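Architecture and fold: a report
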Amino acid sequence: MSTHIDLGVTGMTCTSCSSRVERKLNKVDGVNATVNYATESASVSYDPSLTAPEDLIKVIQDAGYDAYDASPAAKADASKDETQSLDGASPADIAREEEASHLKRLTIMSGALSLPIMLVSMIPALQFDYWQWLSAILATIVFINGGAPFHKATWTNIKHGSFTMDTLITMGTSAAYFWSLYVMVFGHAGMPEMRMHMELISNNAQMDHIYLESVGMVITFLLLGRYFEVKAKGQSSEALRTLLNMGAKDASLLVDGKETRIPITDLAIGDLFVVRPGEKIATDGEVIEGFSAVDESMLTGESVPVEVQEGTRVTGASINTSGKLIVRATRVGEDTTLSQMAKLVTEAQSSKAPVQRLVDRIAQVFVPAVVIIAVVALFAHLLLAQGIAPAFVAAVSVLIIACPCAMGLATPTAILVGTGRGAQLGLLIKGPEILESTKKVDTIVLDKTGTVTTGVMSVSDVIPAPGVDSHKLINYAAAVESGSEHPIAQAIVKHADDILPVSDFQSEAGIGVSGTVEGALVSIGRASHAELGELADAFTAAEESGATAIVVSIDSKLAGIIAVRDTIKDTSAAAIAQLKDLGLTPYLLTGDNAGAAHAVAREVGIDETNVFAGVMPEEKVAKVCQLQDAGLTVAMVGDGVNDAAALAQADLGLAMGAGTDVAIEASDITLMNSDLRSAAAAILLSRKTFSTIKGNLFWAFAYNVLLIPVAAAGFLNPLFAGLAMAFSSVFVVGNSLRLRSFHTH
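Per chain, residue numbering runs from 1 following the sequence as it is written. Whole-chain, interface and lining totals are the exception, using all residues; otherwise, since this is a predicted model, local features are given only for residues with pLDDT of at least 70 and side-chain atom pairs are given and counted only at 80 or more. Neither water nor hydrogens contribute to the side-chain values; these are computed over all heavy atoms in the structure.

**So, the sheet that holds strand β10 (residues 306–308)**
To keep it simple, the criterion reads: DSSP calls a pair of strands paired once it identifies at least 2 bridges connecting them. For helices the rule is a DSSP run of H or I covering at least 4 residues; for strands it is a run of E covering at least 2, with both sets numbered from the N terminus onward.
One open sheet accounts for 3 strands, arranged β10-β9-β12; its pairing is antiparallel. Across the chains shown, the open sheet's two edge strands, defined by having one partner strand only, are β10 and β12 (319–320).

**Topic: the UniProt feature "transmembrane region" (unreviewed entry) in the protein chain**
What counts is decided by this rule: UniProt positions are given in the numbering used here, feature names are shortened, and annotations may be inferred rather than shown by experiment.
Cross-referencing UniProt, the feature "transmembrane region" (unreviewed entry) maps to residues 106–124, 130–148, 168–189, 209–228, 365–385, 391–417, 696–713 and 719–737 in the present numbering. Helix makes up 89% of residues 106–124 and strand 0%, and the two end C-alpha atoms of the span are 28 Å apart. The annotated region residues 130–148 carries 89% helix and 0% strand content, and the separation between its end C-alpha atoms amounts to 27 Å.

**Here we look at the pattern of salt bridges**
Note the following rule: Whenever Lys or Arg places a side-chain nitrogen within 4 Å of a carboxyl oxygen from Asp or Glu, that contact is recorded as a salt bridge. Each residue is assigned to one of three classes by its accessible area relative to the maximum for its type, calculated with a 1.4 Å probe on protein chains only: buried under 20%, partly exposed between the two thresholds, exposed over 50%.
Scanning the model with the defined rule gives 11 salt bridges in all. The salt bridge involving D284 is made with R331; its shortest N-O contact spans 3.8 Å. Here D284, found in the loop between β7 (272–275) and β8 (285–289), pairs with R331, found in the loop between β13 (325–329) and α11 (337–350); they are 47 residues apart in sequence, far enough to count as distant. Here K448 ties to D566 by a salt bridge, and the two come within 3.8 Å at their closest N and O atoms. Here K448 is found in helix α16 (residues 448–452), whereas its partner D566 is found in strand β21 (residues 557–568), with 118 residues between them in sequence. The exposure classification of K448 matches that of D566, with both residues buried. A cluster of three or more residues bridged by salt bridges with shared partners is formed by D250, R261 and E279.

**Quick word on the side chain of S292**
To be explicit about the condition: For the purposes of these results, a polar contact is taken to be a pair of N or O atoms within 3.5 Å, where, inside protein, one atom must be able to donate a hydrogen and its partner to accept one; residues adjacent in sequence count only when each atom of the pair is a side-chain atom. The contact definition used throughout considers only heavy atoms, calling two residues in contact when any of these lie within 4.5 Å.
Within the element layout of this structure, S292 appears in strand β9 (residues 292–295). Side-chain polar atoms of S292 contact the side chain of N320, separated by 2.3 Å. Those residues within four positions of S292 in sequence are excluded, and the remaining contacts are V306, E307, V308, N320, T321, S322, G323 and L325.

**Here's the deal with the nonpolar core**
The condition that has to hold: Definition used in this section: a nonpolar core is a set of buried Ala, Val, Leu, Ile, Met, Phe, Trp, Tyr and Cys residues joined via side-chain atoms within 4.5 Å. Domain delimitation follows an automatic or database domain assignment.
Judged by nonpolar contacts, the single largest core of 44 residues is most densely connected at L446, L654 and L676. No other element matches the 9 residues that helix α25 (residues 677–712) contributes to this core. Residues lining this core come from more than one domain, with at least three contributed by each of domain 2 (94–239 + 347–414 + 692–741) and domain 4 (427–452 + 569–672). Not counting residues up to four positions away in its chain, the partners in contact with L446 are V452, I576, L579, P586, Y587, L588, L589, I606, V637 and L676. Counting 35 residues, the second-largest nonpolar core is a separate cluster that includes V218, I219, V393 and I400.

**Some details on the sheet that holds β8**
Taken together, 6 strands build an open sheet; the order of strands is β6-β5-β7-β13-β8-β11 and the sheet is antiparallel. On the outer flanks of this sheet lie β6 (258–263) and β11 (313–314), each paired with one strand and no other. As defined by bridge partners, strand β5 (residues 250–255) adjoins β6 across 6 bridges and the pair is classed as antiparallel. Paired with V255 across the two strands is K258, which belongs to β6.

**Some words on the packing of aromatic side chains**
Worth spelling out the cut-off: Each aromatic pair joins two rings of Phe, Tyr and Trp (for Trp, the six-membered one) with centres within 6.5 Å, and gets the label stacked for planes under 30 degrees apart, edge-to-face for over 60, and tilted for any other angle.
Summed over all chains, the structure comprises 7 aromatic pairs. Between W699 and F731 the ring centres are 4.6 Å apart and the planes differ by 35°, which places this aromatic pair in the tilted class. Remark: F731 occurs in helix α26 (residues 718–737) and W699 occurs in helix α25; sequence separation between them is 32 residues. Relative accessible area serves as the criterion here: at 28%, W699 is assigned to the partly exposed category. For F731, a relative accessible area of 33% gives the class partly exposed. Through successive ring pairs, a cluster of aromatic residues spans F143, Y177 and F178.

Shown next as structure tokens:
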């Protein structure tokens, strides 16, 4: 029996670190782990009969890092700990802030000491006797203190027999530092009158050229890049933290008419609680008393409040804007909508996209390859009799320019920001592999009822027979239908001005209903074309328009026709247009009759040849398969239980959040509102996120491919190599953060 646990991992400095932790965990019997560098987390499945959580943490600590239990239960226990920070910051947040503060101090210190070294090294007029020795003192402080994070990580890695990006940094800066000291002591660089000119191209360096400015500024640039990286990771996971902290902290429990304020964790299923205007709804439940408007924008992304009344289901964390409500809890703890949303986002961010696995494999061989290139460059320059100085410069430049931190950040930061922004907008993407599948989709199948239409029937037309008053027709029909729960009956009742009393009510399956209203026998049902007389054309027109035509008779005489139809959502036509703009061909799928289906298709802009009408629930899967067999890549949008199998069969399943749990569970993307435009937004966000990943990877790979040969040829000063490497990482993170500005409509 496998058990799952989420662990927070601190101390990782690059993807090589996360890969090592992942390998160490997966060597433990019964463990299957995925470690994400960007989220600083480990998602672990383990056999509790073979391993305990503390054993997993010990494995991570033995690898040179630290870890803590980040599961919801552990977070709940931590929130009760009086030592917990007042703002509810998690151990990961606290560790990240401490790391950022430490890096900030080191960056300021290193920059303050390195800037004078760089200025005096670049500007001969500033150079004075023994300036190089003063520079050496300042550079030593930067090398030891500023470079400590890199050197410590390198030492940890060496003890475990592995190389990481920190290894390259330490090797590069150490080579530049000790080479400078060597030429000062044993060469001419230590002479009082030594003067030096700064060069971008360093292949003419001699035994009197030192690189202390490279040591200082490279470490400063790398510290600055790492500081921005840590801060960016904190910003990119802000959406998830906001989501997790969105819920109410306590509730007003109602027992025997008395209210008691209790922590949300003490609320149980079936409990009654009071929600006053302005308060958050404590947990998922059903309104048993009261009328109000509820703001669900934090969950659905929709700004318009939703009216609720007795019998309406409400969601925890939404805000009651007006009237007092009494709610019965139906879900608590990890079963609530908010908790499930957080779980989906966390899983999406902690798992790896297929493209990221490729990057991880490349990173495993990249560091040793770079070391080999640096050694080859060193000996090549020596064999070409260019001297030991330019040989060392070329090798150092290769080591510094090659640090592929940008490569490691390219995928996880984009996933982190993209899925986090989606959560803010009510678009829940279940996993990073979904991002890639959205790029391939070319066809989208839309369930009609509840997806394109509201699923709520309404009266579209009342056509009385000659001599019959239309108000009398609808009021008599409503009186008879008032006892029925059928959607058509409810639509007629809602349309009436006055609900009259009815007696002698009868219902015959397949025929209709009847009853006595004000002494008249009223019958409602279907009729043959011959019985409709002069209303036959109106009946046919109503049916062809997509409405369901109901025939009303009073005292056995035809009184008129009432047309009832499912209302199309206001945003559906715009949504179809957006889907088409994304290159998708829309299909309409419904169990309704062909007339109704074609009428809806015409109104929202779907080609009538792309309509599947009269489809039974079990046939929906077959229709999706039919399109797939034709070579199409199919997305499916639905909301009901009968859509679940088709959602699972589709290449990409999108479930309306207002639909059923089983449909949401079967889907790849959950839309937390009932606006079909969210389907287009979810696909667009997914595509933009994946495009960002590809752009990041292109930059990272192109940067290394182009500049490593330049550095190996001796055409790049180590100082500029460090600057370019740091800028590459900051660029990738900044590019990913642009996804935070994504908007749905």
